[in-house]
Amino acid sequence: MGSVFFIVLRRMRAPLITLIVIYAVSLLGLVLIPGVDANGKPTPPLSFFHAFYFVSYTASTIGFGEIPAAFSDPQRMWATVTIYLSVIGWTYSILTILALFSDRAFQQALAASRFRRRVRRMAEPFYLICGCGETGGLLIHALDRLGMRFVVVELDEARIVELELEDFRGDAPSLVADASQPQTLLLAGLRHAKCRGVLALTNHDEANLAIAVAVRLLNPDIPVLCRAERAEMAARMAAFGADHIVNPFEIFGQLLARPSMRRRATACTSG
């Protein structure tokens, strides 16, 4: 996850350097060009303080006119150059800032920063849910009905948007990210003192296996439940210490094999 501060510095590096150069050149001209008094006699150039004061209110387009003495024609010409240069520099900086706020990487960094703060402030026990598909959505609502807190990490942005529209009882931090990455799990509170377990419910067995491995390496005391569709992946998850492994197809087959379920299936087929 990129830092918001460093992204701003990286994007604003060129505009800041441009403004610094413009201010430095403007100050240099004002402290080198001599002026004239009311009688037309030459006077010393502006001091660095007066030059900085003049450039500050000129570059910001305030147009304040308090100056120790009237400018000479060369000073007026240089002040004109300073005005146009500073306006161009500030316009470039403002346009860069506007473009920064619409940048996707910056928005993701802001979302990650807000997510990190929300997770850190959680004072109640919570479960880390990786994957918010149909199974994850049902589990989230079940946990909410039981009054339990949870943190959600999902790769599909549409699912996170739907989740944010839900009216849960408590705060439900959610993040669009790859839960199989260890840094994402740490960001989501894997080592948080209130984290009570991790549920790997993505639609990919490889991602669920990676989550189980990361949990065992980063926080071995946390129980982890994994969803597995293939027997070989379930065996690998068990080898890495997954506490519970659920195969939805196997469970459905067991339920279908029950006599009551067979009778219902037969009735539905005949009907």
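Values in this document were obtained by computation on a predicted structure and should not be read as measured data. (Residues numbered from 1 in each chain as written. Predicted model: local features only at pLDDT ≥ 70, side-chain atom pairs only at ≥ 80, totals over all residues. Heavy atoms only, no water.)

A. Broad picture of the environment of Met12. Among the secondary structure elements, Met12 is positioned in the loop between helix H1 (4-11) and helix H2 (13-32). A relative accessible area of 9% means that Met12 is categorised as buried. In this structure, the C-alpha to C-alpha distance between Met12 and Ile97, residues 85 residues apart in sequence, is 7.5 Å. (Helix = DSSP H or I, 4+ residues; strand = E, 2+ residues; numbered from the N terminus. Buried < 20%, exposed > 50% of the residue type's maximum accessible area, 1.4 Å probe, protein only.)

B. Structural detail: the sheet that holds strand S7 (residues 224-227). Taken together, six strands build an open sheet; the order of strands is S5-S4-S3-S6-S7-S8 and the sheet is parallel. The sheet terminates laterally at strand S5 (174-176) and strand S8 (244-246), the two strands that pair on one side only. Ignoring strand direction, the axes of neighbouring strands in this sheet form an average angle of 15°. Pairing geometry for strand S3 (residues 126-130) and strand S6 (residues 195-200), over five bridges, is parallel. Among the inter-strand pairings, Cys130 is bridged to a residue of S6, identified as Ala200. Helix-sheet contacts for helix H5 (residues 104-120) involve strand S4 (149-154) and S5, and the interaxial angle to S5 is about 150°. (Pairing = 2+ DSSP bridges. Axes fitted to C-alpha atoms, helices over the stretch in contact; angles between N-to-C directions. Contact = heavy atoms within 4.5 Å.)

C. Local environment of the packing of aromatic side chains. Taken as a whole and judged by the stated rule, the model has five aromatic pairs. A network of ring pairs unites the aromatic residues Tyr53, Phe54, Tyr57 and Phe71 as a single cluster. (Phe/Tyr/Trp six-rings, centres within 6.5 Å; stacked < 30°, edge-to-face > 60°.)

D. Quick look at the packing of helix H9 (residues 205-218) against helix H10 (residues 231-239). Two elements in contact, H9 and H10, have axes whose closest approach is 10 Å; the angle formed by their N-to-C orientations is 5°. The orientation of H9 with respect to H10, classified from their angle, is roughly parallel. Along the contact surface, H9 presents Asp205, Glu206, Asn208 and Leu209, while H10 presents Met233, Arg236 and Met237. Looking at side-chain class alone, the contact of H9 with H10 contains three nonpolar, one polar and three charged residues. (Parallel < 35°, antiparallel > 145°, perpendicular 65-115°, else oblique. Nonpolar A, V, L, I, M, F, W, Y, C, P; charged D, E, K, R; others polar.)

E. Spotlight on the layout of surface pockets. Size it by volume and the largest pocket reaches roughly 550 Å³. Among the secondary structure elements, those contributing two or more residues to the lining of the largest pocket are H5, helix H7 (157-164) and S5. The residue makeup of the lining of the largest pocket, split by class, is 11 nonpolar, four polar and five charged. As a volume, the second largest pocket reaches approximately 320 Å³. Secondary structure elements with two or more residues in the lining of the second largest pocket: helix H6 (134-145) and S4. (1 Å grid on protein atoms, 1.4 Å probe; cavity = no way out; pocket = protein on both sides within 12 Å on 5 of 7 lines; lining within 4 Å. Points joined across faces, edges and corners; volume = space filled by probe spheres on them.)

F. Inspection of the nonpolar core at higher detail. Judged by nonpolar contacts, the single largest core of 32 residues is most densely connected at Leu128, Val151, Leu185, Val198, Ile211 and Val215. The element best represented in this core is H9, accounting for five residues. Apart from residues no more than four positions distant in its own chain, Val198 is found in contact with Leu128, Cys130, Leu190, Ile211, Val215, Ile222, Pro223, Val224 and Leu225. (Core = buried A, V, L, I, M, F, W, Y, C linked by side-chain atoms within 4.5 Å.)

G. Highlighting the packing of H2 against helix H3 (residues 48-59). Relative orientation of the contacting elements H2 and H3 amounts to 130°, with a least axis distance of 9 Å. Between H2 and H3, the angle falls in the class oblique. In the packing of H2 onto H3, the handedness of the crossing is right-handed. Here H2 contributes Tyr23, Ser26, Leu27, Leu30 and Val31 to the contact with H3, which in turn contributes Phe48, Ala51, Phe52, Phe54, Val55 and Ala59. Tallied by class, residues from the contact of H2 with H3 come to 10 nonpolar, one polar and no charged. (Left-handed = near helix turned anticlockwise from the far one by under 90°.)

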